[in-house]
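# Structural features, examined
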Amino acid sequence: MSLRLKPTLRHDLAGASRPLAGIWACSGSALVAEICAGSGLDWMLIDMEHSPNGLDSVLAQLQAVASYPITPVVRVPVGDVVTIKQVLDLGAQTLLVPMVSTAAEAQALVEAVHYPPRGRRGVGSALARSGRWNRVDGYLQNAEDHVSLLVQIETAEGVDNAADIAGVDGIDGVFVGPSDLAASMGLLGQQAHPDVTTSVRRTFDAVRAAGKPVGVNAFDPAVADAYAEAGASFILVGADVALLARGSEALATRWIPGTDAFGGPSY
């Protein structure tokens, strides 16, 4: 018997005729991830950087969403070769690595996701979900087809180096994080500041010129539309925890006299 793995986000982007809309899975709950997986959205970011996710909960969420027409992406907390190896062995096929600011950092990540001789990923697929315990024929030989690597630019240095980062062979796309980018520019919490949005668009232009897809966070629909028009190929348009927070607040505002809407800044 042989099993076939689903396409990665790289494959989805290559065949897309519109920006792909995604949701951030931050709750750590496989049940919530499954609910979101059936929403009709294109992709889901299972986050290990700013969410209560470890290897066990990431595995549970990958299993929960596997039967749905959504492409999971796992953001590792840091570009550590051991963490990347473990998450790949869980069966994650598309990885997003945060805080990449130089081409050298990007090259090291390419090596971390590939087996020798191209890279230094540890070999253990026969024991792991990645190759479905040796039920995927030729997994080791064809592993590059089953793995996609995205890196996140979210510093002013990264913006300056965007063309070089995107030009690294094995980088399949770049994702821009306006929140940390704003912080690195001395504009903490001001993702919509003109200097920040200009830097985001500079990154778009550099990445697209290198022939790679570029994505971004944009929970505000108007901002998301503007970034789509500027060339974003994939956009995170919301998060499970944010939807729950805003939805429950709306219920309280509707039903409890004197309750004010929170109206906090959008991520």
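Notes on the structure follow. (Residues numbered from 1 in each chain as written. Predicted model: local features only at pLDDT ≥ 70, side-chain atom pairs only at ≥ 80, totals over all residues. Heavy atoms only, no water.)

This brings us to the packing of helix α4 (residues 81–89) against helix α5 (residues 103–113). It is the contact of α4 with α5, at a shortest axis distance of 9 Å, that shows an interaxial angle of 40°. Between α4 and α5, the angle is such that the two are oblique. Note that α4 runs across α5; the crossing there is right-handed. Where α4 abuts α5, its residues V81, I84 and L88 lie against L109, A112 and V113. When the residues that make up the contact of α4 with α5 are grouped by side-chain class, the tally is 6 nonpolar, no polar and no charged. (Axes fitted to C-alpha atoms, helices over the stretch in contact; angles between N-to-C directions. Helix = DSSP H or I, 4+ residues; strand = E, 2+ residues; numbered from the N terminus. Parallel < 35°, antiparallel > 145°, perpendicular 65-115°, else oblique. Left-handed = near helix turned anticlockwise from the far one by under 90°. Contact = heavy atoms within 4.5 Å. Nonpolar A, V, L, I, M, F, W, Y, C, P; charged D, E, K, R; others polar.)

A word on the nonpolar core. Membership of the largest hydrophobic core comes to 59 residues, with the highest contact counts inside it found for M44, V74 and I84. If we skip the residues at most four places from it in the chain, I84 touches V76, G79, L95, V97, L109, A112 and V113. Core analysis: the next-biggest nonpolar cluster, separate from the first, contains 15 residues, L13, L20, W43 and F234 among them. (Core = buried A, V, L, I, M, F, W, Y, C linked by side-chain atoms within 4.5 Å. Buried < 20%, exposed > 50% of the residue type's maximum accessible area, 1.4 Å probe, protein only.)

In this section: the pairing of strand β3 (residues 71–75). With 4 of 5 residues buried, β3 lies mostly within the body of the structure. Two elements, strand β2 (residues 43–47) and β3, share 5 bridges in a ladder whose sense is parallel. Note that in β3 the partner of I46 across the bridge is V74. Read from β2 through helix α3 (residues 55–65) to β3, the crossover connection turns out right-handed. (Pairing = 2+ DSSP bridges. Right-handed = clockwise from strand over helix to strand, strands pointing away.)

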